[in-house]
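# Observations on the model geometry
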Protein chains: 2
Amino acid sequence: MPSAVLVAEPQLETRELLGRQLRDDGFDVLGAARRSEALELAESARPDVVLLAELELCLRLREGEPGRNWDRNVPVIVLASTSDPVERVRALDRGADDVVGRPFAYDELLARIRALIRRTAGSSEDVIVSGDLVVDRPTRRVHVRDTPVFLSAKEFELVAKLASQPHRVWTKEELLRDVWGFRALGRTRTLESHASRVRKKLCVAPDDRFVVNVWGVGYRMLE
Amino acid sequence: MPSAVLVAEPQLETRELLGRQLRDDGFDVLGAARRSEALELAESARPDVVLLAELELCLRLREGEPGRNWDRNVPVIVLASTSDPVERVRALDRGADDVVGRPFAYDELLARIRALIRRTAGSSEDVIVSGDLVVDRPTRRVHVRDTPVFLSAKEFELVAKLASQPHRVWTKEELLRDVWGFRALGRTRTLESHASRVRKKLCVAPDDRFVVNVWGVGYRMLE
DNA sequence: GGCTCCGCCAGATGTCCTTTCCAGCGGATC
DNA sequence: GATCCGCTGGAAAGGACATCTGGCGGAGCC
């Protein structure tokens, strides 16, 4: 399956040229001229990589927005406007994975895209199947042995996170950061409350055990 | 916990300078002048990032070697010898995650290191295998010859610390500081008590000896 | 505007871990 | 071999943490 690249570049000419080249190299390419368009496509098309020109867009992608559901962790490469190292540092500090200055060599950009995809491959499976549990990201549905389980938005995010690496123990800090996007918030019972509710909802059979607490650390998903 | 950076750079001066700067910025730094040293350290110290100058080393890291156990997926940044884009592409195509040309701005290298650690945090196969003992950090599971051993949070931290360098003797001060975060607290029996309990739990076969006391100093993992 | 659902927030309760204490053992030193 | 000091490992007290319930407020829907 070809990887999808979202090219968020205001300049028509650059966008088209880049799109053609990337298509020639086997990528699915989505173009976006404006920020709103880019966010829209990030949500609906779930690209494997985003190339973008505006740092502001990078921040918005990383911070997320209530009600919107793009992958806040999506790999990002910034097409900087200059060749100034200071601008490259700024891009990286704002959450970009990589950055190339202009003018850039297409071959290098391509190599960097490939390297980033290689690094992140498999981290955002569309459908996670782990034992009796099936988590379908695109449709946001969850099944336990073919029994549908209805989860709210946050509940789904939590389950998807835990199921993305079954058996891995996620610390409460990691879960709060990745699911809630908190900066530091430590002393509420929100996470525990959701974990409890999700656990109950996933218990279809009496002895199902999916969401398991790891004392003093966090939670993990079994099977 | 600070991230560990392995600097594999033949030139003494560059290696030392880079090491000092990175240490100032809060990293644990390991230096290696030769390829064999670098591979050795990649296996024993399990760095979070490797900076290297020779593409050959990058290939060796990625390919692995029978009997050796470094993480073939370890994040790699290449310090290219020139500023030639062709060399950058070559590095990326050989498995590097990122590459900076020379001369490079330290600030940019630092930003790239941070970006790469951010991206790979938690995904690196952080599994310590030493003899009959397997310590899996992501899942927080411990096995002795395929027999699972169930440890509490503090117990696991202690085992992971000891196993991170199996033959090294850790002083009680080091263990208290790194596992418990104490400043100096000298007169409790907490550490000894945990060591005792962990030792018993790890003794699957009658003559297993994993947590070994070193009289008047501290503990180590193996004999 | 009323209704419903969702997300967030404590409080009471129960569970499990952590720490401490102590008696006994065993190296280390001379 | 005698003595000292540190290590061992059981048991028990205390504390830290997790769970679940119920309530509050806001957003979206009718």
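All values reported here derive from a predicted model rather than from experimental measurement.

Summing up its helical and strand segments, chain A has eight helices and twelve strands in all. Expressed as lengths along the three principal axes of its C-alpha atoms, the size of chain A is roughly 60 × 35 × 25 Å. Residues counted as buried form 45% of the 223 residues belonging to chain A. For chain A, contacts bridging at least 24 residues in sequence account for 54% of all contacts bridging at least 6. When the accessible area of chain A is evaluated, it comes to approximately 11500 Å², of which 49% is carbon and sulfur surface. Between the centroid of the 36 positive side chains of chain A and the centroid of its 36 negative side chains there is a distance of 6 Å.

Turning our attention to the packing of helix α2 (residues 35-45) of chain A against helix α3 (residues 55-63) of chain A. Residues and elements named next belong to chain A. Look at α2 against α3: their axes get within 11 Å of each other, and the N-to-C directions meet at 35°. By crossing handedness, the relation of α2 to α3 is classed as right-handed. Residue-level contacts link R35, A38, L39 and A42 of α2 to E56, L57, R60 and L61 of α3. Partitioned by chemical class, the residues of the contact of α2 with α3 number five nonpolar, no polar and three charged.

A few words now on the protein's contact with DNA strand C. Neighbouring residues of DNA strand C: 21 residues in total, closest S152 and W180 of chain A together with S152, T190 and R197 of chain B. Counting only atoms of DNA strand C within 4 Å of the protein, the fraction found in sugar and phosphate groups is 77%. Between a phosphate oxygen of DNA strand C and a side-chain N or O atom of S152 of chain A, the distance comes to 2.2 Å. The side chain of S193 of chain B places a nitrogen or oxygen atom 3.4 Å from a base oxygen of DNA strand C.

Glancing now at the nonpolar core. Grouped together as the largest cluster of nonpolar side chains are 27 residues, with contacts concentrated most on L133, V135, V142, L162, L202, V211 and M221 of chain B. Of all elements in the fold, only β7 (133-136), β8 (141-144), α6 (153-164), α7 (172-180) and α8 (190-202) of chain B reach the threshold of two or more residues within this core. With six residues, the top contributor of residues to this core is α6 of chain B. Contacts of M221 of chain B, omitting those with residues within four sequence positions, involve L133, V159, L162, A163, P166, L202, R209, F210, V211 and V212 of chain B. Counting residues in each nonpolar core, the second largest holds 26 residues, with L162, A163, V198 and F210 of chain A among its members.

Here the focus is the packing of aromatic side chains. Two measures describe an aromatic ring pair: the distance that separates the ring centres and the angle between the ring planes. Under the defined criterion, the tally for this structure stands at zero aromatic pairs over all chains. Directly above the aromatic system of W170 of chain A lies the positively charged group of R168 of chain A, at a separation of 4.0 Å from the ring centroid.

Here we take up the protein's contact with DNA strand D. Near DNA strand D, the surroundings consist of 19 residues, among which S196, R199 and Y219 of chain A together with K172 and K200 of chain B are the closest. The sugar-phosphate backbone supplies 84% of the atoms of DNA strand D found within 4 Å of the protein. The side chain of K172 of chain A places a nitrogen or oxygen atom 2.7 Å from a phosphate oxygen of DNA strand D. Grouping the constituent residues of the surface near DNA strand D by class yields four nonpolar, six polar and nine charged.

The next subject is the sheet that holds strand β4 (residues 76-79) of chain A. Residue and element names in this part refer to chain A. With respect to topology, five strands assemble into an open sheet ordered β2-β1-β3-β4-β5, the strand pairing being parallel. The open sheet has two edge strands, β2 (28-32) and β5 (98-100), and neither has a second partner. The mean inter-strand angle of the sheet, taken between neighbouring strand axes irrespective of direction, is 20°. With respect to the sheet, helix α5 (residues 106-120) is in contact with β3 (49-52), β4 and β5, its orientation differing from that of β4 by roughly 160°.

The interface of chain B with chain A comprises 29 residues on the first partner and 28 residues on the second. Interface of chain B and chain A: buried area, both sides summed, is about 2300 Å²; carbon and sulfur atoms make up 47% of it. Sorting the residues of chain B by area buried against chain A places L92, R112 and R119 of chain B first, and these three jointly supply 26% of that buried surface. For the pair chain B and chain A, the interface holds six salt bridges. Ionic pairing is found between D98 of chain B and R112 of chain A, a salt bridge with its closest N-O pair at 2.6 Å. At the junction of chain B with chain A, the criterion picks out 19 residue pairs in polar contact (both at pLDDT 80 or more). Elements with a minimum of two residues in the side of chain B that touches chain A: α4 (85-93), β5 (98-100) and α5 (106-120) of chain B. Among the elements that take part in the side of chain B that touches chain A, α5 of chain B stands out by supplying eight residues, more than any other.

Another aspect to go through is the side chain of T139 of chain B. Inspection of the secondary structure assignment puts T139 of chain B in the loop between β7 and β8. Ignoring any residue separated from it by four or fewer positions in sequence, one finds T139 of chain B in contact with H167, R168, V169 and R220 of chain A.

All names here are of chain A. Along the chain, R68 turns up in the loop between α3 and β4. Judged by relative accessible area, which is 26%, R68 ranks as partly exposed. Considered as a pair, R68 and D136 are 68 residues apart in the sequence and their alpha carbons are 17 Å apart.

Another point: the side chain of R119 of chain B. By secondary structure assignment, the location of R119 of chain B is in helix α5. Side chain to side chain, R119 of chain B and D97 of chain A meet in a polar contact 2.9 Å long. Look past the residues within four positions of R119 of chain B in its chain and what remains in contact with it is R62, N73, V74, P75, D97, R119 and T120 of chain A.

Thresholds, definitions, all that
Residues numbered from 1 in each chain as written. Chains lettered and ligands numbered in written order. Predicted model: local features only at pLDDT ≥ 70, side-chain atom pairs only at ≥ 80, totals over all residues. Heavy atoms only, no water. Helix = DSSP H or I, 4+ residues; strand = E, 2+ residues; numbered from the N terminus. Buried < 20%, exposed > 50% of the residue type's maximum accessible area, 1.4 Å probe, protein only. Contact = heavy atoms within 4.5 Å. Areas by Shrake-Rupley, 256 points an atom, 1.4 Å probe, with all protein chains shown as cover. Lys, Arg positive; Asp, Glu negative; His and termini not counted. Charge placed at Lys NZ, Arg CZ, Asp CG, Glu CD. Axes fitted to C-alpha atoms, helices over the stretch in contact; angles between N-to-C directions. Left-handed = near helix turned anticlockwise from the far one by under 90°. Nonpolar A, V, L, I, M, F, W, Y, C, P; charged D, E, K, R; others polar. Near = heavy atom within 4 Å. Polar contact = N/O pair within 3.5 Å; in protein donor to acceptor, adjacent residues only side chain to side chain. Core = buried A, V, L, I, M, F, W, Y, C linked by side-chain atoms within 4.5 Å. Phe/Tyr/Trp six-rings, centres within 6.5 Å; stacked < 30°, edge-to-face > 60°. Lys NZ or Arg CZ within 6 Å of the ring centre and 35° of its normal. Pairing = 2+ DSSP bridges. Buried area = accessible area lost by both parts, 1.4 Å probe. Salt bridge = Lys/Arg side-chain N within 4 Å of Asp/Glu carboxyl O.

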